[in-house]
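# Coordinate inspection notes
Each chain, letter by letter, is given below.
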Amino acid sequence: MLPLPCAFAVAVDGGSIFRLAVPALLLGIPLTLRRNRAWFMTSCVITAVLVLGWSVVGILEGTWAFLSSAPLLICANFADPRAYRTPALVAATLACVISTPLTLAITTLFITS
């Protein structure tokens, strides 16, 4: 949800819909695999690497808006309180501490440019 306002703004300004749709679709993959913990964790890591790469490669095309999703996906691996009580709290806190300022910085850079 965090990159959607930036992605929408890029699309309105004439950015490539394809370059924005691919990371958005990739981000949905882990959600479909949430019932199987091993598949979910694996898909989170793979998706984080793919989205991070896509964001860096297409930085001039506006795909940098998805950069904040990569740390969230890594933190999602440990965010299951049934399996890990304390690591889930730490992962959720890290996700908020890392991705929120990153998203605000990205949004600020986008608005000022």
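Residues numbered from 1 in each chain as written. Predicted model: local features only at pLDDT ≥ 70, side-chain atom pairs only at ≥ 80, totals over all residues. Heavy atoms only, no water.

### A few points about the nonpolar core
One finds Phe40, Cys44, Ala48, Ala70 and Leu73 forming the largest nonpolar core, which totals five residues. Every element with two or more residues in this core is listed here: helix H4 (37-57) and helix H5 (69-76). No other element matches H4, which puts three residues into this core. Leu73 has contacts with Leu27, Pro30, Cys44, Thr47 and Ala48, leaving out every residue within four places of it along the chain. (Core = buried A, V, L, I, M, F, W, Y, C linked by side-chain atoms within 4.5 Å. Buried < 20%, exposed > 50% of the residue type's maximum accessible area, 1.4 Å probe, protein only. Helix = DSSP H or I, 4+ residues; strand = E, 2+ residues; numbered from the N terminus. Contact = heavy atoms within 4.5 Å.)

### Brief notes about the environment of Leu72
Tracing the backbone through its elements, the reader meets Leu72 in helix H5. By relative accessible area, which is 31% here, Leu72 ends up partly exposed. Along the backbone, Leu72 and Thr100 are 28 residues apart, and their C-alpha atoms lie at a distance of 9.8 Å.

### Quick word on the packing of H4 against H5
Where H4 contacts H5, the two axes come as close as 8 Å, and the packing angle between them is 165°. Taken together, H4 and H5 sit at an angle that is classed as roughly antiparallel. You can see that H4 and H5 cross each other, and the crossing is left-handed. Residue-level contacts link Phe40, Cys44, Val45, Thr47, Ala48, Val51 and Leu52 of H4 to Ser69, Ala70, Leu73, Ile74 and Ala76 of H5. The residue inventory of the contact of H4 with H5, partitioned by class, reads ten nonpolar, two polar and no charged. (Axes fitted to C-alpha atoms, helices over the stretch in contact; angles between N-to-C directions. Parallel < 35°, antiparallel > 145°, perpendicular 65-115°, else oblique. Left-handed = near helix turned anticlockwise from the far one by under 90°. Nonpolar A, V, L, I, M, F, W, Y, C, P; charged D, E, K, R; others polar.)

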